[in-house]
Amino acid sequence: MNRIQKIYSYAEPNTTLVVVMGGLGYPFYFWVWDTLYPQPYENLWLRLVCSLLVFVLAFRGVMSSRLKKLVPYYYLISIGFCLPFFFSYMMFMNGWNDVWVLSFMSSIFLHILLVYDTRVMMLQALLCVLFAALLAHFNLPNGIEVFEHLVYFPIFGFTYLFGNLFYFRNQTEHEAKFTVARSFGAGIAHEMRNPLSALLSSFEVIKSIIPSGNSSYRNTFQLNAQEIQILNDIIDDSMKAIWTGNETIDLLLTSIDQNRVSTSTFCKLNAKTIVENAVDSFSYKNAADKRLVFFDIREDFNYFGSDTLLKYVVYNLLKNSFRHRGVGKFNIVISSKVIDDGHSVLFRDTGVGIEPELIKNIFDDFYTTGKNGTFGLGLSFCKKVMRSFGGSIVCRSKVGEWTEFELFFPNYSSPAVSSIKTELIKAKTVLFIGEETSDVAIELERLKYTNEMDVEVVSLQDACNRDEHHFEYSLILIDGEFSRSGWSLMSRLEGKLGFTEARIVFLNEEGNTRNLYFQRYVNIVLKAREDFIRRPIETLDFLLFDSLETEESKPAYNEISTKKTVMIVDDNHSLRSITSIVLEKQGLHVIQAENGQVALQVLDQEDVHLILMDVEMPVLDGLSATRKIRESNMPYSSIPIVGYTGDKSDETVVQINQSGMNDYIVKPTPKDELIDKVATWL
């Protein structure tokens, strides 16, 4: 199945050309070989069947989700029928004449180009040619003549063999590049989690040292020498983490596929709030630069998109403005206005301006104006971002006086936004936890077929029996009609929802806000069941795309009241040190180890009661170290081990469970959750 999917995905960009050439070519060449240059045998009906088979592929874009899943299989069958079968059959029926021998040779090259997988293509060719030979043998009075034409077999064999070897090398190179790109992306993601985790832990420690806003103290607050040293160390480590993160992000932006912008996280957002936040958080070189930016957005509006992507656009425009500020008086004014079919945000600076002949190129990939340290990807990516929002970006300038970028946003209720939502809904996954016979489940089943949504319905008991990593959905709806036993199950379910990125919605009776006492790890949105029953499409649109207000999370239940020893095993020095500080402030004795090999040596010398084990480390990784601990005959073989990982994919979670780890937490981990997890196992 994976092979067939890959064959179709590789050929899909050329499928339209196949439809045009095949749909018109088969009937056209009937006229060529029947009238213009008559051949011994022709078959109009067979040609029309071939034409119809390829013409069906023209409608692949408007097919339902169920039919789209079958298109790769249909493609493979139609190609097999229209190329090796048709051309070999016509060659046999025409007595191996020169026209059809050459035609069959041409079909071999097309077949190699259109079927990506070598083994599938060779098997398909063999079966189709044998079937064509068998059919032609029964249709010809004297059967097909094989031995008289054996001279052609070395030619056909060489063509297939050489073509496949040539194409196989291209496939191998393509797969190697894809594997490198995927590994590169995974490596960057892993490397980014370490500085982010270190920063999160740094701020947690800083918050624990300095007084909170509601603390009672006079105008001054004294820190002892140790606390000052800790803060200085944290600041130094944080600056290094930020520098590492910025370098990694720059590397990522110059390596990702600039032709696509993912819309999977798009939702309803407030433009003024996000632009203002981006202006405030921009990395200005100094305070004077920040005073040169004037924020004057008065026409507030909502847009459909991503806050991260819009911030990236704002950052890029600010960066470009400061880079081309010139030597005269300079400022940047950010304003907004209402247009006929939406809103626009304007960035106007009084810099050196842009020459008219350059403006038409500034949104092209890799186009630069000669400044050092630029890759020519920023503005081109900004253009792709605005297009993904359903809008656009334009640039106007007067050399020596000003430059203005205008961002156009369609109205949130516009057809452009509705079209993006329609496609996104088809890619969303919804889990309903409740009875199949409930009104909500019945309504969801109806939407599953009318709106092509991916909906799954499970009972509360079945949901509780799932592992934590089996709740990766876009939206999780929990039916609030529970008995007393149902509420006891909810306490179990709540602990398993702690790592999902889905929006979790509790459907309760209108006006009833009770029964959220179990909430500890997850943010839950309350929604009236009647709203969903009365307006299911509007409610789903709201739940999937609006900014939702969640109930405030409760603090962790567990507190640490023990003097036991915890060992932190992680190759990131900053993360180890900061996590140690957090746990030591709880009264724990903490030992650090930079890899699994060092951890094993420590266990031979120290009594350890709990291990926080990173998964990916040099020398000896966390999974291997855990297996060695579990397989040993030492007293520490049964010590609780909690995986400390930045990767929560299904594959990693399965590996964690199989290695013998008792539990896991995901980096970056807030202080309360870290303490709660440690307290659970101590």
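Residues numbered from 1 in each chain as written. Predicted model: local features only at pLDDT ≥ 70, side-chain atom pairs only at ≥ 80, totals over all residues. Heavy atoms only, no water.

Caption draft 1: Just the overall build of the chain, in detail. The helix and strand inventory of the chain stands at 24 helices and 17 strands. Put simply, 72% of the contacts in the chain that link residues at least 6 apart link residues at least 24 apart. (Helix = DSSP H or I, 4+ residues; strand = E, 2+ residues; numbered from the N terminus. Contact = heavy atoms within 4.5 Å.)

Caption draft 2: Representation of a nonpolar patch on the surface. Together, F28, Y29, W31, L36 and Y37 make up an exposed nonpolar region whose accessible area comes to about 550 Å². Tracing the sequence through the fold places Y37 in the loop between helix 2 (15–36) and helix 3 (44–55). (Patch = residues over 30% accessible without salt bridge, like charges linked within 9 Å, V, L, I, M, F, W, Y side chains within 5 Å. Areas by Shrake-Rupley, 256 points an atom, 1.4 Å probe, with all protein chains shown as cover. Salt bridge = Lys/Arg side-chain N within 4 Å of Asp/Glu carboxyl O.)

Caption draft 3: Summary view of the environment of K527. Note that K527 resides in strand 12 (residues 524–528). Judged by relative accessible area, K527 falls into the buried class, the value being 17%. Separated by 19 residues in the primary sequence, K527 and N508 have C-alpha atoms spaced 6.2 Å apart. (Buried < 20%, exposed > 50% of the residue type's maximum accessible area, 1.4 Å probe, protein only.)

Caption draft 4: Representation of the packing of aromatic side chains within the structure. Considering all chains together, one arrives at 31 aromatic pairs under this definition. Arranged with centres 5.3 Å apart and planes meeting at 55°, the rings of F92 and W96 form a pair that is tilted. Here F92 and W96 have matching classes, each one buried. Look at F282 and F322: their rings are 6.3 Å apart centre to centre, the planes differ by 10°, and that puts the pair in the stacked class. Of this pair, F282 sits in the loop between helix 9 (271–281) and helix 10 (287–290) while F322 sits in helix 11 (residues 307–323), and the two are 40 residues apart along the sequence. For F282, a relative accessible area of 15% corresponds to the buried category. Under the relative-accessibility criterion, F322 is labelled buried at 14%. (Phe/Tyr/Trp six-rings, centres within 6.5 Å; stacked < 30°, edge-to-face > 60°.)

Caption draft 5: Looking closely at the sheet that holds strand 12. Across the sheet, 5 strands lie side by side as 9-8-10-11-12; this open sheet has parallel pairing. In the strand order of this sheet, the two ends are held by strand 9 (454–458) and strand 12, each with one partner. Each adjacent strand pair in this sheet contributes to an overall mean axis angle of 25°, direction not counted. Across 5 bridges, strand 10 (residues 475–479) lies against strand 11 (residues 503–508) in parallel orientation. Looking across to strand 11, one finds that I476 is bridged to I504. Against the sheet, helix 19 (residues 536–545) engages strand 10, strand 11 and strand 12, with an angle of about 140° to strand 11. (Pairing = 2+ DSSP bridges. Axes fitted to C-alpha atoms, helices over the stretch in contact; angles between N-to-C directions.)

Caption draft 6: Representation of the UniProt feature "modified residue: 4-aspartylphosphate" (unreviewed entry) in the chain. Per the UniProt record, "modified residue: 4-aspartylphosphate" (unreviewed entry) is found at D614. Within the element layout of this structure, D614 appears in strand 15 (residues 610–614). A residue is classified by how much of its surface remains accessible, and D614, at 2% relative accessible area, is buried. Sequence-distant contacts of D614, defined by excluding residues within four places in its chain, comprise V569, D570, D571, G622, Y644, T645 and K667. (UniProt positions renumbered as here; feature names shortened; annotations may be inferred.)

Caption draft 7: Representation of a negative patch on the surface within the structure. Negative charge collects at one region of the surface, where D571, E616, D647 and E651 lie side by side. By secondary structure assignment, the location of E616 is in the loop between strand 15 and helix 22 (622–631). According to the relative accessible area criterion, E616 is partly exposed, its value standing at 40%. (Lys, Arg positive; Asp, Glu negative; His and termini not counted. Charge placed at Lys NZ, Arg CZ, Asp CG, Glu CD.)

Caption draft 8: Spatial organisation of the state of the cysteines. Taken as a whole, this structure holds 0 disulfides when the rule is applied. Unpaired in this structure, C82 has its nearest cysteine sulfur neighbour in C50, at a distance of 4.1 Å. (Disulfide = S-S within 2.5 Å.)

Caption draft 9: Expanded view of the packing of helix 1 (residues 2–11) against helix 4 (residues 65–93). Between helix 1 and helix 4, whose axes approach to 9 Å, the crossing angle comes to 85°. Our classification of the angle between helix 1 and helix 4 gives roughly perpendicular. When helix 1 is examined against helix 4, the residues I4, Q5, I7, Y8 and A11 are found in contact with a partner set consisting of K69, V71, P72, Y73, Y75 and L76. Tallied by class, residues from the contact of helix 1 with helix 4 come to 9 nonpolar, 1 polar and 1 charged. (Parallel < 35°, antiparallel > 145°, perpendicular 65-115°, else oblique. Nonpolar A, V, L, I, M, F, W, Y, C, P; charged D, E, K, R; others polar.)

Caption draft 10: Just the side chain of E42, in detail. Position of E42 among the secondary structure elements: in the loop between helix 2 and helix 3. Judged by its relative accessible area of 16%, E42 is buried. If we ignore the near neighbours within four places in the chain, the residues touching E42 are Y29, F30, W33, D34, R47, M90 and W100.

Caption draft 11: Quick peek at the pairing of strand 13 (residues 565–569). With respect to burial, strand 13 is a largely interior element, 5 of its 5 residues being buried. A two-sided burial pattern is seen for strand 13, the buried positions comprising T565, M567 and V569 on one face and V566 and I568 on the other. For the segment spanning strand 13, helix 20 (residues 573–584) and strand 14 (residues 589–593), crossover handedness is right-handed. (Right-handed = clockwise from strand over helix to strand, strands pointing away.)

Caption draft 12: Representation of the nonpolar core within the structure. Of all hydrophobic cores here, the largest spans 68 residues; its most connected members are I334, L407 and L477. Top contributing element to this core by residue count: helix 11, with 8 residues. Counting 51 residues, the second largest nonpolar core, distinct from the first, contains Y41, F86, M90 and I144. (Core = buried A, V, L, I, M, F, W, Y, C linked by side-chain atoms within 4.5 Å.)

Caption draft 13: Quick peek at the environment of L620. For L620, the location among the structural elements is in the loop between strand 15 and helix 22. L620 has contacts with N595, G596, Q597, L600, A625 and K628, leaving out every residue within four places of it along the chain.

Caption draft 14: View of the packing of helix 15 (residues 439–450) against helix 19. Two numbers describe how helix 15 lies on helix 19: the axes approach to 11 Å, and their chain directions differ by 85°. Taken together, helix 15 and helix 19 sit at an angle that is classed as roughly perpendicular. Taking contact as the criterion, the partners of E443, L444, R446 and L447 in helix 15 are, on helix 19, P536, I537 and L540. Grouping the amino acids of the contact of helix 15 with helix 19 by side-chain chemistry returns 5 nonpolar, no polar and 2 charged.

Caption draft 15: Highlighting the pattern of salt bridges. Inspection of the entire model under this criterion finds 19 salt bridges. Salt-bridge contacts for R534 lead to D531; the nearest nitrogen and oxygen are separated by 2.9 Å. Here R534 pairs with D531, and both are found in helix 18 (residues 529–534), just 3 residues apart, close to one helical turn. When its relative accessible area of 47% is taken as the criterion, R534 is described as partly exposed. Its relative accessible area of 13% is what places D531 among the buried residues.

Caption draft 16: A look at the pairing of strand 17 (residues 663–666). The alternating pattern of strand 17 places D663 and I665 on one face and Y664 and V666 on the opposite face, and all of these are buried. Of the strand pairs in this sheet, strand 16 (residues 641–645) and strand 17 are connected by 4 bridges, and their pairing is parallel. Counterpart to G643 in the pairing with strand 17 is Y664. In the classification by handedness, the crossover that spans strand 16, the intervening helix 23 (residues 650–659) and the parallel strand 17 is right-handed.

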